[in-house]
Amino acid sequence: MFREKKAPPAPELAEDAPVTAAAVEAVFRGCYDFEARTLHLGGDTENPVTLCFIDGLVSGSDVAEQVIKPLTDPERFAGVRDAAAVSRMLGGSVYVYTAKHREKLGDAAGDLLNGFCALIFDAERAAVTFEVKSQQRRGVEAPKEEKVVKGAKDAFVETMKINSTLVRRKLRNPHLKIKEFTLGTRAETSVTLVYIDGFTNPELVAEASRRVERIHTEGALTSAVIEENIVDNYRSPFPQVISTERSDKFCMNILEGRVGLLVDGLPLGFLVPGTFSQFMKVPEDHSGHFIVASALTLLRYISVALTLLAPAFYVAVAMYHQEMIPTRLLQSMIEAHASVPFSTAMEVILMLLAFELLQEAGIRLPSPIGETVSIIGALIVGQSAVEASVVSPVVVVVIALAGIAGYTMPNLDMGSALRLCRFLLVLAAIALGMFGVAMGCALLVYHLSSLESYGVPYMSPFAGSEGRHLTRALLRRSMTVKRDREPELGTADGGEAKL
Amino acid sequence: MKKTVLAAAALSLALSLGGCSSGLTILSNYRRIENIELVRTVAADKEADGVNVAVCGTAGEESSARMYENTGKSLGAALGELALLPLGRDAVLSHTENMLIGEELARERLGECLDYIERFSEMRLDTGILIVRDGTARDLLHGLTGEDTPAPDVIAGLSRNIARVGDGYFFTCREIASSLADNGCALVQCVRAQKEEKLFEARGDLNIAPAGFAVVREGGGLDFLSDEETLGAMLLLRKYKSRIVDLPLPEGALTVSVDSAAASIRPRFERDGALDRVEIRLELEANVISVSGEADLEDRTVREAAEAELSRLFRRAAESAVARSQALGLDYLDLESIIHRREPLKAAPALKNWADTFPGLPVEVEAESTLQRTYDIVDPPEDAKEGEDPWEKMIRLLRGS
């Protein structure tokens, strides 16, 4: 029914049209939050001007105190009209730190949407806009996802200005550049590119700028809009952009020679290029002891192997290669499986699906309910299923081991990609046993090795890089040792940290 | 949509081929795990027209052992046809820990048994090979199996403990085949059935006991070594771990555990470079376990007598092992490769005619023993004064006087 009644097309905004009160009101017709009122400059009723703003985007008290009060002051504006009044306002007679003279309707409308109020002079067919943004925004809080015990507690918020301030406070360097772009044909989201001029590889900066400019979207309101548009291979499930809510991690990567992206409305910072080894690191690595941090990094790599291969390996050996299983273990497995009606393949697939369902349910539900669901689910799937001989205990152990190993992934996107690959490897194992697992692994390695992020091999330093940098990915050196930067980033100092 | 259909088709194909539907699989070695009958021990004997095999299988840890028998023209045929028996389960040979081979079969067709293990991809090269003396392997396997004690567990127990008590060593198929290829002969552990009173009802009627080493020749043939020769061979092949020895003394006796016996084998050459002799030096370390009678361990002469007796016993064992090897003309002690490793250039001419040189090669054996665990034996210091307490001597030395 509704399909037949199409909405009439919105009138095109005449960007270059002169600014008049009627034109502005026409643009914002139907917007309940748009406000327009007439003021008399200097209290002179014969000198009317129109003040427009969008309620909520501007601070009402600031408008009254910093704009209306001086404008209606007879001592300042009595008898001052049109061009002279504009000139006086731009000269500082209004107590607002940003004032702009706008002659085009598009510019004036844009300012109104960005927290400005506009004073429209119909006779001049122009406006003066003042920045009086509302301060109603979420304050800086501790990170919720990337928590550390010893480390900064200021996470990014949804407001770009606050995020750029956080970065500036940490990197007090005049060469730190924050280049702004506006994305979205309708939403006009502000995006900034952060880098250190004269240090970050200029080709990397140029390429990142080019990719950001190339984004065609109606509005950059989600992280996927940014990430999928700026990566080299958007079809790959593996993350190629480092996203973080931690401002210190963001700044550390800028200091490494990466280019950062901040998006207004997203409490995240994005960093390119992203390589596999970077997704294995956590902020805690830089606050703990270097030996412990190195051991934990190695553990994460072992976890990758476990979460990827444990179910597939189990399926392969249980179905095809029983000779690989130690005798005692095989005897236990035979014993445990004797009363299970499903084949090993079906059993593992059912358990993996159950595990994913539980995980999704736990994530989507509100926190207290989610935890309850997880506990009940674990009890049902783990204990009851074994007691009811639906699955064998060995399968529960293998799937739980793979699942727990997957939770050690510092990056959620990396964890999700590995889960997907885990399924594919299990299918390969079901079809071809160890040959299938080997082929699946070979394809995975091929895919990962063929990925590039801004010219940097995704698997560097494991592939496409010099072997001597291998320890950099696997271990963390002491902070007392002069560190080598990633040479692939091509920083101006040639990869050697300046101490 | 097309991709979704393709993905769904691929998934269903994979699942159906993987045993989720009617059991069709891509690979031929697919087995449902619950159907597996795990064979852990194979007994093979010579039959009039072929080979008889008896296998002991278990389904799981809790299930009792089951015996299956079959006869075929060869070992491979007999074991291969096990699948055709109405077992209701899939016999899997990959976990065969030990193969018991009857004396007659070993004498004539041991090579064939080894060949089967080497070639058949399911079998493992670390399968232990045992020759059954004074009876058939089949009877031993049946006799060992009790309600609660499957024969493989009994044999595994012997395998773990035999080297610890110094009665032998379970040579694996890999070791035997390798020795046969290198030396034309190899040592194999022998076992025999032992009728004992049952310790508990659930145990089998028979027990298994070590019966020394047998020497097998490439191409057939079997000789047996005595216990002393077996000990000597273990020493020289470095398979020795431990042995408890009773040492008779003039006044009582000593029981010691010889926990270390390092054998060093060195060739000695004449001035003109010809191989003169082989020197074997044994260094024994023994711990006193118990003392009986009036033997006084504080008396150095008593200890020296014990050490000398221990050295004599082990020296004699090594000498007899070498002498038997030379008498048979079979270098199963691998002296050739030891000499080659020690002196590759100098020994080359002698090794060229090793078959001729070896039987007449002089071999000298020396043994030196050290008795330890002597915390109740106080050694008087070398320069202790007559009747001086050793602690007083130490205090005197510490004081520098």
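Residues numbered from 1 in each chain as written. Chains lettered and ligands numbered in written order. Predicted model: local features only at pLDDT ≥ 70, side-chain atom pairs only at ≥ 80, totals over all residues.

This part is about the overall build of chain B. From N to C terminus, chain B includes twelve helices and 13 strands. Counting all 401 residues of chain B, 37% fall into the buried class. Taking contacts inside chain B between residues at least 6 apart in sequence as the whole, the part at least 24 apart equals 69%. (Helix = DSSP H or I, 4+ residues; strand = E, 2+ residues; numbered from the N terminus. Buried ≥ 20, exposed ≤ 12 C-beta atoms within 10 Å, placed from the backbone. Contact = placed C-beta atoms within 7 Å.)

A tally of regular secondary structure across chain A gives 16 helices and twelve strands. By its C-alpha atoms, chain A is 100 × 65 × 40 Å across when sized along the principal axes. Out of the 499 residues in chain A, the part that is buried amounts to 38%. When contacts within chain A are restricted to residue pairs at least 6 apart in sequence, those whose partners lie at least 24 apart make up 65%.

With that settled, the discussion passes to the packing of helix H10 (residues 290-319) of chain A against helix H14 (residues 393-407) of chain A. Residue and element names in this part refer to chain A. Following both chains from N to C, one finds H10 and H14 inclined at 160°, their axes separated by 7 Å at the closest point. What the angle tells us is that H10 and H14 run roughly antiparallel. Crossing handedness for the pair H10 and H14: left-handed. Of the residues in H14, those touching H10 at Ser303, Leu306, Thr307, Ala310, Pro311 and Tyr314 are Val398, Ile399, Leu401, Ala402, Ala405 and Gly406. Across the contact of H10 with H14, the residue classes break down as nine nonpolar, three polar and no charged. (Axes fitted to C-alpha atoms, helices over the stretch in contact; angles between N-to-C directions. Parallel < 35°, antiparallel > 145°, perpendicular 65-115°, else oblique. Left-handed = near helix turned anticlockwise from the far one by under 90°. Nonpolar A, V, L, I, M, F, W, Y, C, P; charged D, E, K, R; others polar.)

Once that is clear, we can look at the packing of helix H12 (residues 344-364) of chain A against helix H15 (residues 412-450) of chain A. All names here are of chain A. Between H12 and H15, the shortest axis-to-axis distance is 11 Å and the interhelical angle comes to 170°. By the angle between their directions, the pair H12 and H15 is classed as roughly antiparallel. Together, Ala345, Val348, Ile349 and Leu352 of H12 and Phe423, Val426 and Ile430 of H15 make up the contact between the two elements. A class-by-class count of the residues in the contact of H12 with H15 yields seven nonpolar, no polar and no charged.

With that out of the way, let us pick up the domain arrangement of chain A. Each assigned domain of chain A is listed with its residue range as follows: domain 1 (21-131), domain 2 (160-274) and domain 3 (295-456). If you average the C-alpha positions of domain 1 of chain A and of domain 2 of chain A, the two centres end up 34 Å apart. (Domains from an automatic or database assignment.)

On to the nonpolar core. By size, the foremost hydrophobic cluster in this structure holds 155 residues, and its most contacted members are Val315 of chain A together with Ala44, Ile101, Val188 and Leu235 of chain B. With sequence-adjacent residues up to four places away left out, valine 188 of chain B is seen in contact with Ile129, Ile131, Phe171, Ile176, Phe213, Ala214 and Val216 of chain B. (Core = buried A, V, L, I, M, F, W, Y, C linked by C-beta atoms within 7 Å.)

To continue, consider the pairing of strand S10 (residues 243-249) of chain B. Residue and element names in this part refer to chain B. Here S10 runs beside strand S11 (residues 252-269); their pairing, made up of seven bridges, is antiparallel. Within S11, the position partnered with arginine 243 by the bridge is valine 258. Between the end of S10 and the start of S11, which pair antiparallel, lie two residues. (Pairing = 2+ DSSP bridges.)

To continue, consider the sheet that holds S11 of chain B. Within a sheet, adjacent strands bond to each other through the backbone by hydrogen bonds, running parallel or antiparallel. All names here are of chain B. Pairing in this open sheet of four strands is mixed, and the strands run S10-S11-S12-S13 from one edge to the other. Single-partner strands in this sheet number two, and they are S10 and strand S13 (363-372). Each strand axis lies, on average, 35° off the axis of its neighbour in the sheet, ignoring direction. The strands touched by helix H9 (residues 335-342) are S11 and strand S12 (275-292); relative to S11, the strand with the most contacts, the crossing angle is about 60°.

A cis amide bond, omega -5°, links valine 272 of chain A with the succeeding residue proline 273 of chain A. Residue position: proline 273 of chain A is located in the loop between strand S10 (269-272) and H10. A cis amide bond links serine 460 of chain A with the next residue in sequence, proline 461 of chain A, at an omega value of 5°. Secondary-structure assignment places proline 461 of chain A in the loop between strand S12 (456-457) and helix H16 (470-474). We note that tyrosine 454 of chain A has phi near 55°; this positive angle belongs to a residue other than glycine. With respect to the helices and strands, the residue tyrosine 454 of chain A is situated in the loop between strand S11 (452-453) and S12. Overall, the presence of 24 C-beta atoms within 10 Å leaves tyrosine 454 of chain A in the buried class. Phi at aspartate 134 of chain B takes a positive value of approximately 55°, unusual for a residue other than glycine. The exposure class assigned to aspartate 134 of chain B is exposed, which follows from the 12 C-beta atoms found within 10 Å.

Take the domain arrangement of chain B next. Residue and element names in this part refer to chain B. Assigned domains within chain B: domain 1 (37-224) and domain 2 (227-385). Using only C-alpha atoms to locate each centre, domain 1 and domain 2 end up separated by 32 Å. The partner domain 2 presents 17 residues to the 17 residues of domain 1 that form the contact. When residues of the side of domain 1 that touches domain 2 are traced back to their parent elements, those giving at least two are helix H6 (173-183), strand S7 (185-195) and strand S8 (206-217).

Next up on the list: the environment of leucine 282 of chain B. All names here are of chain B. Tracing the backbone through its elements, the reader meets leucine 282 in strand S12. For leucine 282, a count of 23 C-beta atoms within 10 Å corresponds to the buried category. For the pair leucine 282 and arginine 315, spaced 33 residues apart in sequence, the C-alpha separation works out to 7.5 Å. With near-sequence residues (within four places) excluded, leucine 282 lies in contact with Leu235, Ala261, Ala263, Phe314, Arg315, Ala318, Val365, Glu366 and Ala367.

This part takes up the sheet that holds strand S7 (residues 189-196) of chain A. All names here are of chain A. The antiparallel open sheet is built from five strands, whose spatial order is S6-S7-S9-S10-S8. The open sheet has two edge strands with one neighbour each: strand S6 (176-183) and strand S8 (242-244). When strand polarity is set aside, the average angle formed by the axes of neighbouring strands in this sheet is 25°. When S8 meets S10, the two strands line up antiparallel, connected through three bridges. Along S10, the bridge assignment pairs threonine 244 with glycine 269. Relative to the sheet, helix H6 (residues 160-170) contacts S6, S7, strand S9 (259-263) and S10, its axis offset from that of S7 by approximately 10°. Taken strand by strand, helix H7 (residues 202-214) contacts S6, S7, S9 and S10, and its axis lies near 175° from that of S7.

Time to look at the pairing of S12 of chain B. Residues and elements named next belong to chain B. With 16 bridges connecting them, S11 and S12 associate as antiparallel partners. Its bridge partner lying in S12, alanine 253 is registered against serine 292. Count of turn residues in the S11/S12 antiparallel hairpin: five residues, of which glycine 273 carries a positive phi of about 95°. When S12 meets S13, the two strands line up parallel, connected through ten bridges.

What follows covers the confidence of the model for chain B. All names here are of chain B. Per-residue confidence for chain B averages 84 on the pLDDT scale, and 84% of its residues sit at or above 70. Within chain B, helix H1 (residues 2-20) has the poorest average pLDDT of any element, 62, and strand S6 (residues 128-133) the best, 95. In the predicted complex, the global pTM is 0.77; the interface-specific ipTM is 0.74. (pLDDT = per-residue confidence, 0-100.)

Turning to the environment of glutamate 75 of chain A, a few remarks are in order. Residue and element names in this part refer to chain A. Of note, glutamate 75 is situated in helix H3 (residues 74-77). Judged by local crowding, glutamate 75 falls into the exposed class, with 8 C-beta atoms found within 10 Å. Spatially, the C-alpha atoms of glutamate 75 and arginine 328 are 98 Å apart, while their sequence positions differ by 253 residues.

Restricting attention to buried positions, one finds in H6 of chain A the residues Met160, Asn163, Leu166 and Val167 of chain A. Seen along its axis, H6 of chain A keeps its buried residues to an arc of 125°; they face one direction. (Arc of directions from axis to C-beta.)

Glancing now at H6 of chain B. Residues and elements named next belong to chain B. Turning to H6, its buried residues are Cys173, Glu175, Ile176, Ser179 and Asn183. Projected down its long axis, H6 carries its buried residues within an arc of 170°, all on one side. Contacts from the buried residues of H6 go to helix H3 (103-119), S6 and S7. In the stretch just after H6, glycine 184 is the one whose phi turns positive, near 80°.

Our next topic: the environment of phenylalanine 423 of chain A. Position of phenylalanine 423 of chain A among the secondary structure elements: in helix H15. As a C-alpha pair, phenylalanine 423 of chain A and phenylalanine 121 of chain A span 302 residues in sequence and 66 Å in three-dimensional space.

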